[in-house]
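# A look at the structure
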Amino acid sequence: MPRPQHILAIDQGTTGTHLTVYDRRLNVVGGAYREFTQYFPKPGWVEHDLNEIWRSVEACITRALREAGLKGTDIAAIGITNQRETTGLWRRGDGTPLARAIVWQDRRTADMCAALRARGEEPAVRETTGLVLDPYFSGTKLAWMLEHVRGAHRLAERGDALFGTIDTWLVYKLTGHAAHVTDVSNASRTLLMGLTTLEWDADCLERLHVPRACLPAVRSSAEVYGTTRGLKGLPDGIPVAGMAGDQQAALFGQACFAPGESKCTYGTGAFLLMNTGTVPVPSTSGLLTTVAWRLGHQRAVYALEGSSFIAGAAVQWLRDGLKLIKRAADIEALARTVEETGEVVFVPALAGLGAPHWRAEARGLFAGMDRSTHGGHLARAVLEGVALQIQDLAEAMRRDSGRDIPAFKVDGGAAANDLMMQFQADVLQVPVVRPRDLQTTSLGAAALAGLGAGLFKDTEAVRRVWKAERTFRPKMKPLERARALDKWRRAVARA
């Protein structure tokens with residue numbers, strides 16, 4: 001029987017699950033997508049149902065294989081990429097979730113983070129983990145669950161309750177409950193792992209009262225974690241062989257393998273990452289130092305990251321909350337009904353401000369409106385507000401890294417918006433390069449799985465397949481740019 005030649009990439013995102021099937025040359029041959037429910041039980045709280053996420057994966061497996069014209073036996077390896085800091089807790093034996101997962105956008109642990117900062121804990125946290133004390137990260141979410149979910153802490157101490165981010169949950173389900181693992185990129189987002197040791201840190205665990213027995217094993221981003229067992233549509237024995245958080249997977253899928261190479265992914269949030277090589281670069285500008293990936297037993301590669309919590313989610317809000325558009329894709333046409341926003345500025349702090357500000361209490365803001373303001377101004381201001389967030393991050397990244405960004409690779413759904421990409425190039429004053437395949441997150445997961453399963457020898461497989469579709473070059477005049485940045489900074493101060 002010939003060896004299977006296809007890779008299944010699971011991209012489990014904040015609002016839905018994408019599955020993509022790739023051939024041996026990393027060409028897309030099929031795919032499927034399914035949304036799932038967002039739960040908002042209280043203001044600032046965001047939750048997901050782990051079982052519903054898993055059902056979305058199962059449904060997409062069947063549909064993606066059907067679209068590709070393949071059988072489960074044609075799959076040689078599975079790769080996973082995921083919304084990163086979303087935190088789950090479930091029973092070891094049967095995998096029953098103890099509560100709904102707390103999503104990365106959730107702000108319920110803001111007071112916990114403030115109390116830790118008041119005790120002077122942040123410098124040690126930053127030095128050990130590369131992160132800041134913010135509700136964004138998994139550690140305080142897990143601490144909250146262990147305290148508030150009945151019996152959870154006792155079960156966790158015995159190892160009968162298992163913690164995991166979404167990568168861990170999916171591997172656990174794919175392998176028939178056999179593997180409880182995470183990779184270094186996801187572990188580096190928990191406030192619990194040492195950035196240089198790549199192991200769970202005892203002081204971090206004690207700080208948040210997290211029992212070690214509930215934690216997954218930390219592994220590399222490209223190796224066999226286990227094999228499929230008892231799944232619908234897939235035979236037993238397929239290796240699950242690659243795994244990285246969504247932003248690190250996108251950096252990998254964009255072929256940013258050399259220090260200084262950078263990308264921005266526009267998804268629910270927007271995330272700018274720069275490869276800094278095999279030595280972590282500390283930030284003095286409010287950025288995060290994070291693990292990008294580790295391939296097998298090679299040295300880990302690190303990145304600087306700036307995170308904006310709201311990007312595509314602002315467009316969804318215009319659609320679902322304000323009812324200004326019927327489809328997310330309609331925003332560009334509405335925004336083009338005006339030449340400029342006038343005095344209108346939008347600060348997308350609908351879930352607080354991330355890097356470089358880190359103000360959990362900040363709130364979204366439209367500023368500069370008058371009687372002449374209409375939907376076109378608001379739509380254009382939303383697109384520009386997302387791009388101006390990224391400008392703040394890019395400036396911080398230049399300062400911390402000591403490097404210029406020669407070009408800026410972009411991906412994610414909102415990168416298809418020509419108006420926003422041109423404005424992004426204008427305010428950054430560097431070329432913005434959009435690839436042919438915007439789903440570079442899935443591509444990164446597939447490539448990691450191919451490396452982990454031995455289908456690819458090295459990263460050249462990704463370099464060969466990556467191709468630019470369009471480059472947006474700066475056109476804005478310096479005075480116009482300066483005026484836009486000044487309006488933006490004044491609005492952020494008010495938010």
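Now for a description of the structure that goes with this document. Keep in mind it's a predicted model, so treat the numbers as computed, not measured. (Residues numbered from 1 in each chain as written. Predicted model: local features only at pLDDT ≥ 70, side-chain atom pairs only at ≥ 80, totals over all residues. Heavy atoms only, no water.)

### Describing the overall build of the protein chain
Within the protein chain one finds 16 helices and 21 strands. Against the 2.2 N^0.38 benchmark of 23 Å for 495 residues, the protein chain shows a C-alpha radius of gyration of 22 Å, consistent with a compact globule. Along the longest, intermediate and shortest principal axes, the C-alpha atoms of the protein chain span 65 × 55 × 45 Å. By the burial criterion, 63% of the 495 residues in the protein chain qualify as buried. Of the roughly 19100 Å² that the protein chain leaves accessible, carbon and sulfur atoms contribute 49%. (Helix = DSSP H or I, 4+ residues; strand = E, 2+ residues; numbered from the N terminus. Rg over C-alpha atoms; globule rule 2.2 N^0.38 Å. Buried < 20%, exposed > 50% of the residue type's maximum accessible area, 1.4 Å probe, protein only. Areas by Shrake-Rupley, 256 points an atom, 1.4 Å probe, with all protein chains shown as cover.)

### Examining the sheet that holds strand 12 (residues 239–245)
Here we have 6 strands laid out as an open sheet, ordered 3-2-1-5-12-11, and mixed in their pairing. What marks the edges here is a single partner per strand, and that holds for strand 3 (28–35) and strand 11 (222–227). Neighbouring strand axes in the sheet, compared pairwise and without regard to direction, differ in orientation by 25 degrees on average. As paired strands, strand 1 (residues 6–12) and strand 5 (residues 75–82) are joined by 7 bridges and run parallel to one another. Paired with Ile10 across the bridge in strand 5 is Ile80. Against the sheet, helix 6 (residues 166–174) engages strand 1, strand 5, strand 11 and strand 12, with an angle of about 150 degrees to strand 5. With respect to the sheet, helix 9 (residues 246–253) is in contact with strand 5 and strand 12, its orientation differing from that of strand 12 by roughly 100 degrees. (Pairing = 2+ DSSP bridges. Axes fitted to C-alpha atoms, helices over the stretch in contact; angles between N-to-C directions. Contact = heavy atoms within 4.5 Å.)

### Things to note about the pairing of strand 3
Sheet topology note: the strand 2 (residues 16–22)/strand 3 ladder contains 7 bridges and is antiparallel. Across the sheet, Leu19 pairs through a bridge with Ala32, a residue of strand 3. Between strand 2 and the antiparallel strand that follows it, strand 3, lie 5 residues; Leu26 among them carries a positive phi value of about 65 degrees.

### Regarding the side chain of Gln422
When you line up the elements, Gln422 lands in helix 13 (residues 418–428). In contact with Gln422, other than residues within four places in its own chain, are Phe472, Arg473, Pro474 and Lys475.

### A word on the pattern of salt bridges
Applying the stated criterion across every chain yields a total of 24 salt bridges. Between Arg189 and Glu85 there is a salt bridge; the shortest N-O distance is 2.8 Å. Residue Arg189 is located in the loop between helix 7 (184–187) and helix 8 (202–208), and its partner Glu85 is located in the loop between strand 5 and strand 6 (87–91); the two are separated by 104 residues in the primary sequence. Neither residue differs from the other here; Arg189 and Glu85 are each classed as buried. The partner of Arg327 in a salt bridge is Asp330, and the shortest N-O contact between them spans 2.9 Å. Beyond isolated ion pairs, a larger network of salt bridges with shared partners links Arg84, Glu85, Arg189, Asp246 and Glu305. (Salt bridge = Lys/Arg side-chain N within 4 Å of Asp/Glu carboxyl O.)

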